[in-house]
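Observations on the model geometry
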Amino acid sequence: MVDLIIKKRRGFELNKEEYALIIDGFISGKIPDYQVSSFLMAVCLNGMTSEETAILTDIMMHSGETIDLSEIEGIKVDKHSTGGVGDKTTLILAPLVAAAGVPVAKMSGRGLGHTGGTIDKMESIKGLSVEMTRAAFIENIKKHNIAVCGQNANLVPADKKLYALRDVTGTVDNISLISSSIMSKKLACGADAIVIDIKVGHGAFMKTIEDAEALAEMMISIGSKMDKKVTAVITSMNEPLGYTVGNALEVKEAIETLQGNGPNDLTELCLELGSQMLVLGELAKSQDQGIEILKELIASGKAYEKFKDLVVAQGGNLGVIEHPDLLPRSQYSYAYRSNTEGYISDLNALDIGVASVKLGAGRETKTSHIDHGAGIILKKKIGDHIEKDEVLAILYSNSEANFEKAKALMGSAYKISEEKPALKPLILKTIQ
Ligand code: URA
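Reading the values: rules and limits
- Counting restarts for each chain, with residues numbered from 1 along the sequence as it is written.
- The predicted origin of the model limits local features to residues at a pLDDT of at least 70 and limits the giving and counting of side-chain atom pairs to 80 or more, whereas totals for whole chains, interfaces and linings rest on all residues.
- The basis for every side-chain value is the complete set of non-hydrogen atoms in the structure, without hydrogens or water.
- What counts as an axis is a line fitted to C-alpha atoms, over the stretch in contact for a helix, and the angles between N-to-C directions run from 0 to 180 degrees.
- Comment: elements are numbered from the N terminus, with helices defined as DSSP H or I runs of at least four residues and strands as E runs of at least two.
- In this scheme the handedness of a crossing depends on how the near helix is turned from the far one: anticlockwise by less than a right angle means left-handed, clockwise means right-handed.
- Here, two residues are considered to be in contact whenever any of their heavy atoms come within 4.5 Å of each other.
- In this classification, Asp, Glu, Lys and Arg are treated as charged, Ala, Val, Leu, Ile, Met, Phe, Trp, Tyr, Cys and Pro as nonpolar, and every other residue, Gly included, as polar.
- When DSSP finds two or more bridges between two strands, those strands count as paired.
- Only protein chains enter the accessibility calculation, which uses a 1.4 Å probe; a residue is then buried when its area is under 20% of its type maximum, exposed when over 50%, and partly exposed in between.
- Salt bridges are defined as contacts in which a side-chain nitrogen from Lys or Arg sits within 4 Å of a carboxyl oxygen from Asp or Glu.
- Proximity criterion: a residue is near a molecule or strand once any of its heavy atoms comes within 4 Å of it.
- We call two N or O atoms a polar contact when they sit within 3.5 Å, provided that within protein one can donate a hydrogen and the other can accept it, with sequence-adjacent residues counted only if both atoms are side-chain atoms.
- Shrake-Rupley sampling with a 1.4 Å probe provides the accessible areas, and residues are treated as covered by the protein chains on show and by no other component.

This part takes up the packing of helix 8 (residues 157-167) against helix 9 (residues 175-188). Running from amino to carboxyl end, helix 8 crosses helix 9 at an angle of 145 degrees, the nearest separation of the two axes being 11 Å. Crossing of helix 8 over helix 9 shows left-handed handedness. Contacts between helix 8 and helix 9 pair D159, Y163 and R166 from the former with L177, I178, S181, S184 and K185 from the latter. Residue composition of the contact of helix 8 with helix 9, grouped by class: 3 nonpolar, 2 polar and 3 charged.

Here it is as structure tokens:
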């Protein structure tokens, strides 16, 4: 392993046998975390070729069980986000698309770095389990057209371990590591087609549109090598999506969005990604037709009903969904106020994401415990006018000491200007 670390540190390409040795050794515990961390850092500094990325994806995909969904009728379409702040899209999109008739077999992840994860959000619903056998997963999809599971020990165990290690070693934001992580899971889960939401901006792992495009191309190329259609949608993650950041807070906003009362940006993104999924699933001939179908499913309440089906099928408490105020909420709150008047010209999603982690909504170490009720409700976002002393956001935490850490980040997140800023688009580019 030392030789392989040095080889990558010097910028050389590794072959299939060498990647297999690293991944097998890591899973079996023969290669310790510190050596894998060092290797990951060398990858971040020197990169991997697309050939190496495809090899790593294939080894990771086969590091555990793979799921064969062929007994489920229809084109199975999956979706994945590269990670953002306030990104509760899956909670809305999965039932929305399932209600339209596309079978949704979704394996989701936990929070990573400053970004949240669907599984942590779903676990804030009392009783809900994301762990299920392969048979139960398939049975739920057959019955309800939808199932969302976490990454159990048997599915892509290599990614599960690597993801947790990358999260706490500063080795997340590398195009090859992100591509192999996402694509190995999507491929192991047996989807026929995949929509990837590639986030770009302050709060995303990709900071420039060029990097986002490179990530898109890398994932599309891995998909085509495996005969899977991949559509990549590059979307802005400069400010958080919607008004909530933090697990239970986001579940409540997702329910409101499914009921047609969600924030504009979140609704727009769900319609965009959802319509791409309907096109890939051959349930819509065009994106415009897909958007009309999805709007109708929200207006008729069918999308919300499908979300309830999902929650009940996975053991969740329906009362909590029907009365979201019963979702966990941290004991203490703090109203963060502006010290000047003007227009909000920037709301840095990275600062908000890190502030939310400090409040207890994310993990700072591999073993950190998540406070499902912690997080931030934004009261004002980019373009809004504010008065001096007006509340910009409410912070929630189970420890008042955390407010001090989060307040400094809130201060750097909000930028105030005299002029009203021009609003920038959310959907930036689609690549197929
Ligand atoms: N999402 C993933 O599943 N993996 C990554 O590496 C980043 C985002």
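Attention shifts here to the sheet that holds strand 11 (residues 391-397). Read across the sheet, 4 strands follow the order 6-9-11-7 without closing on themselves; strand pairing throughout is antiparallel. Edge strands, defined here as strands with exactly one partner in the open sheet, are strand 6 (244-245) and strand 7 (332-337). Two elements, strand 9 (residues 375-378) and strand 11, share 4 bridges in a ladder whose sense is antiparallel. For L378, the partnering residue across the bridge sits in strand 11 and is A393. Each of strand 6, strand 9 and strand 11 touches helix 16 (residues 349-361); the most contacted strand, strand 9, lies at about 135 degrees to it.

Let's shift gears to the side chain of Q314. Along the chain, Q314 falls in the loop between helix 14 (302-313) and helix 15 (318-322). Residue classification places Q314 among the buried residues on the basis of a relative accessible area of 6%. Those residues in contact with Q314 that sit more than four places away from it in its chain are M122, G127, L128, S129, V130, M132, N140, A147 and V148.

Moving on to the pattern of salt bridges. Taken as a whole and assessed by the stated rule, the structure comprises 24 salt bridges. Residue K306 pairs with D309 through a salt bridge whose shortest N-O separation is 3.6 Å. Of the two residues, K306 and D309 are both situated in helix 14; the distance of 3 residues between them amounts to about one turn of the helix. A relative accessible area of 30% places D309 in the partly exposed class. Each of R110, D120, E123 and R363 takes part in salt bridges that share partners, so that together they form one network.

Moving on to the site of the ligand. Taken together, the residues surrounding the ligand are H80, T82, L112, Y163, R166, I178, S181, I182 and K185. Take H80: an N or O atom from its side chain is 3.0 Å from an oxygen atom of the ligand. With respect to the ligand, the side chain of S181 contributes an N or O atom lying 2.6 Å from a nitrogen atom. About the coverage of the ligand: the protein hides 97% of its 240 Å² of free accessible area. Breaking the shell around the ligand down by element, the ones donating at least two residues are helix 8 and helix 9. Take the shell around the ligand: its biggest share by element is 4 residues, from helix 9. A breakdown of the residues in the shell around the ligand according to their chemical character gives 4 nonpolar, 3 polar and 2 charged.

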